[in-house]
Amino acid sequence: MIFFVGAALVVRAASGRSSVRPRLIALSRGLSVYLLRVLSIRCHFEDLRERNASPRPHLILPNHASYLDVLVVNACFPSVFVTSREIEETPVLGWITRAAGCAFVERRNIWRVQEDVAQLADILNKGYDLTLFPEGSTTHGQEMKPFKSTLLDAALKSRCQ
């Protein structure tokens with residue numbers, strides 16, 4: 001509940017300003033850490049020092065086997081998450097993803113892909129890490145789905161690693 005009130009205040013106070021994104025990322029990370037604690041889920045990563053040594057933004061490409069993936073990745077790698085306009089238009093999830101500062105892409109219209117790639121490259125060029133689930137949706141985790149590779153062009157058009 002604290003997250004939702006805080007997110008609403010941040011969005012209202014800074015609507016339309018670019019300074020809102022760092023606050024939303026920090027707020028959503030805090031919520032992720034809190035929810036993982038509540039769920040008694042502990043995460044351990046061995047190479048975080050190497051990853052954090054570079055000042056350049058990173059494109060993070062995890063698998064997406066459940067909604068817990070979002071919490072784990074966000075707790076350990078606070079970043080701008082990429083999700084679809086369909087999620088943005090969903091009543092509850094849409095509000096949560098907007099409050100968390102997600103970037104939205106239009107998967108239903110192939111003609112918008114270059115605009116989406118430019119938007120994601122711009123986020124990376126502004127210095128934000130970007131998390132993109134390359135399979136495009138959740139899976140059962142037993143096998144890999146084909147990657148939706150078009151959005152990976154954002155990394156090529158930016159200075160990320």
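As shown above, the structure is provided for reference.
Let me begin by describing the structure that accompanies this report. Fair warning: this is a prediction, and the values are worked out from it, not measured in the lab.

In terms of helices and strands, the chain carries eight helices and four strands. Beginning at the N terminus, the succession of helices and strands in the chain can be written as α-α-α-β-α-β-α-α-β-α-β-α. Among the 161 residues that make up the chain, the fraction classed as buried is 40%. Sequence-distant contacts, at least 24 apart, represent 64% of the contacts inside the chain between residues at least 6 apart. Carbon together with sulfur atoms contributes 58% to the accessible area of the chain, which is approximately 9,800 Å² in total.

As for its position among the elements, Ser-28 is in helix 2 (residues 20-38). A relative accessible area of 6% places Ser-28 in the buried class. From its side chain, Ser-28 meets the backbone oxygen of Ile-25 in a polar contact 3.1 Å long.

The next subject is the packing of aromatic side chains. Considering all chains together, one arrives at one aromatic pair under this definition. On the numbers, 6.2 Å between centres and 35° between planes, the contact of Phe-81 with Phe-133 is tilted. Taken together, the residues Phe-81 in strand 2 (residues 80-84) and Phe-133 in the loop between strand 4 (130-131) and helix 8 (153-156) connect sequence positions 52 residues apart. We note that Phe-81, like Phe-133, is buried.

Another aspect to go through is the environment of Arg-85. Within the secondary structure, Arg-85 is located in helix 5 (residues 85-88). Note: C-alpha distance between Arg-85 and Ala-103 (18 residues apart in sequence) is 9.0 Å. Ignoring anything within four residues of it in the chain, the contact list for Arg-85 reads Phe-104, Val-105, Glu-106, Arg-108 and Arg-112. At a separation of 2.7 Å, a polar atom in the side chain of Arg-85 contacts the side chain of Glu-88.

Parameters and conventions
Residues numbered from 1 in each chain as written. Predicted model: local features only at pLDDT ≥ 70, side-chain atom pairs only at ≥ 80, totals over all residues. Heavy atoms only, no water. Helix = DSSP H or I, 4+ residues; strand = E, 2+ residues; numbered from the N terminus. Buried < 20%, exposed > 50% of the residue type's maximum accessible area, 1.4 Å probe, protein only. Contact = heavy atoms within 4.5 Å. Areas by Shrake-Rupley, 256 points an atom, 1.4 Å probe, with all protein chains shown as cover. Polar contact = N/O pair within 3.5 Å; in protein donor to acceptor, adjacent residues only side chain to side chain. Phe/Tyr/Trp six-rings, centres within 6.5 Å; stacked < 30°, edge-to-face > 60°.

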